Structure formats: structure tokens, C-alpha cells
Amino acid sequence: MTPEEKIAELGLTLPPVVAPLAAYVPAVRTGDLVYTSGQVPMVDGKPAFTGKVGTEVSLDDAREAAKICALNALAALKSEIGDLAKVVRIVKVVAFVASDPSFTQQPQVANAASELLGEVLGEAGKHARSAVGVAVLPLDVPVEVELIAEVS
């Protein structure tokens, strides 16, 4: 089963690539590595969630935002390589979580993105990861995810 078929089997849709919000491109390939720009939880051109995790945004909603970010990152990756079956491995994922200072569950938010990548890519979706709490993200979104992928 291809990654795109797996996405469909999960009841999800690979979205169009999110248009950059500033002066950058969605993904860049250098050799066998593709770096995605940070992807926010945009759906149909609008943020799906806004606010800080732990106050305005629940853990469950933040996890859903992380999944949207991961799907957007996969779309950016596909735009660069043409076919997600070319992914050898997701090397690294970084999740930024705009959170209340008392919120300490950034890894649980990031897990939603990691779990989705594993479901879609199997062994190739296992990766190193950082989950970082930050004060604010663009458009007041609660989560931003970027990844590095090794491709063939």
C-alpha cells in the first residue's frame, strides 16, 4: 500500500501545499534530504485552531492541530519529491507548541504528529524528535511542525 493509499485508508486527505506566509518555500531538497518549512494547522487557507495550549486550546485539540501540521508537512514533502513512496525515512521532526507557561505536555502534543507519520509511512516514519514549548507562533496557532526526510 502506498503512503497516499494509507492516508486515504485512515479517512484523511493529503491537502494542497499551504502557501508560504512569508519569504520562504514549503520544502527544499539537498542531496537525499528534504527539509520542510514549519507547517501550521491550516485548513482551506485558515488556521484550524488558535490560542495557547493549556488555556484556550485543549490537549486533544492541540493533538488534532499537530496531525494537521503533519499532513501539511507530508504535502510539502510530496511537492518536492512527487511521490511519498520515495521516502526512505523521516529523520527528524520538530514540534513547536505555543503553550501556557504551566503546560508541560508538549511531547504528548507532538506524539500526534509522530503517530500519524508512523501510520502513513510504517518503519520509514520512525524518527528522532524535539517538542518545544514557545510563547507564540505565527497567526496565533497552537502548533507548528517541521521535518527532515531522507528520500530516494
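To be clear, the structure that these remarks concern was listed above.
Predicted model only: the values in this text are computed from it and were never measured.

**Student:** Please set out the overall build of the protein residue by residue, giving values where relevant.
**Tutor:** A tally of regular secondary structure across the protein gives three helices and seven strands. Relative to the compact-globule value of 15 Å for 152 residues, the protein shows a C-alpha radius of gyration of 14 Å, a close match. Expressed along its principal axes, the backbone C-alpha trace of the protein runs to roughly 40 × 30 × 25 Å. Here the protein, with 152 residues, has 41% of them falling under the buried criterion. For the protein, the exposed area adds up to about 7100 Å²; of that, 53% sits on carbon and sulfur atoms.

**Student:** Please give an account of the sheet that holds strand β6 (residues 128-134) that cites residues and values.
**Tutor:** If you trace the five strands from one edge of the open sheet to the other, you get β1-β2-β7-β5-β6, paired in mixed fashion. The sheet is open, and its two edges are formed by β1 (27-30) and β6, each paired on a single side. The mean angle between the axes of side-by-side strands here comes to 15°, regardless of whether they run parallel or antiparallel. Pairing of strand β5 (residues 87-98) with strand β7 (residues 143-151), which is carried by nine bridges, proceeds in the antiparallel orientation. Bridging from a neighbouring strand, Val94 pairs with Glu146 of β7. Against the sheet, helix α2 (residues 59-81) contacts β1, β2 (33-36), β5 and β7, and its axis sits at roughly 35° relative to β7. Strand contacts of helix α3 (residues 106-121): β5, β6 and β7, with the helix running at about 145° to β6, the strand carrying the most contacts.

**Student:** I'd like a rundown of the nonpolar core, residues and numbers included.
**Tutor:** Core analysis: the biggest nonpolar cluster contains 39 residues, and Leu74, Leu77, Ile90, Val143 and Leu147 have the highest contact counts within it. Those elements that place two or more of their residues in this core are α2, β5, α3 and β7. Among the elements that line this core, the one with the most residues is α2, at twelve residues. Setting aside residues no more than four positions away along its own chain, Val143 makes contact with Gln39, Val40, Pro41, Ala62, Ala65, Ala66, Cys69, Phe96, Val109 and Leu137. In terms of nonpolar packing, the next biggest core, distinct from the first, is built from six residues, Val18, Val40, Leu137 and Val141 among them.

**Student:** Could you give me a rundown of the pattern of salt bridges, with the residues and numbers involved?
**Tutor:** The tally for this structure, following the rule as stated, stands at five salt bridges. For Glu4, the salt bridge goes to Lys78, with nearest N and O atoms at 3.3 Å. Of the two residues, Glu4 is situated in helix α1 (residues 3-9) and Lys78 in helix α2; the sequence distance between them amounts to 74 residues. For Lys78, a relative accessible area of 27% puts it in the partly exposed group.

**Student:** Hey, could you go over the side chain of Ser99 for me, with residue numbers and the actual values?
**Tutor:** Its place among the elements puts Ser99 in the loop between β5 and α3. For Ser99, a relative accessible area of 11% corresponds to the buried category.

**Student:** Mind laying out α2, listing which residues take part and the relevant values?
**Tutor:** The end-to-end C-alpha separation of α2 is 33 Å, in line with the 33 Å expected for 23 residues at 1.5 Å each. The positive-phi residue at the C-terminal boundary of α2 is Gly82, with phi of around 85°.

**Student:** Could you give me a rundown of the pairing of β7, with the residues and numbers involved?
**Tutor:** For a regular strand, side-chain orientation follows a simple rule: the groups alternate between the two sheet faces. Bridging between β2 and β7 involves three bridges; their strand directions are antiparallel. Across the sheet, the residue bridging to Leu33 is Glu150, located in β7.

**Student:** Give me the lowdown on the side chain of Glu144, citing residues and values where you can.
**Tutor:** Tracing the chain through its elements places Glu144 in strand β7. Despite being buried, Glu144 has no salt bridge partner; Lys52 is the closest side chain of opposite charge, sitting 12 Å away. Setting aside anything within four residues of it in sequence, one finds Glu144 in contact with Gly38, Gln39, Val40, Cys69, Val94, Ala95, Phe96, Leu137 and Pro138.

Cut-offs and rules
- Residues numbered from 1 in each chain as written.
- Predicted model: local features only at pLDDT ≥ 70, side-chain atom pairs only at ≥ 80, totals over all residues.
- Heavy atoms only, no water.
- Helix = DSSP H or I, 4+ residues; strand = E, 2+ residues; numbered from the N terminus.
- Rg over C-alpha atoms; globule rule 2.2 N^0.38 Å.
- Buried < 20%, exposed > 50% of the residue type's maximum accessible area, 1.4 Å probe, protein only.
- Areas by Shrake-Rupley, 256 points an atom, 1.4 Å probe, with all protein chains shown as cover.
- Pairing = 2+ DSSP bridges.
- Axes fitted to C-alpha atoms, helices over the stretch in contact; angles between N-to-C directions.
- Contact = heavy atoms within 4.5 Å.
- Core = buried A, V, L, I, M, F, W, Y, C linked by side-chain atoms within 4.5 Å.
- Salt bridge = Lys/Arg side-chain N within 4 Å of Asp/Glu carboxyl O.
- Expected span 1.5 Å × (residues − 1).
- Lys, Arg positive; Asp, Glu negative; His and termini not counted.

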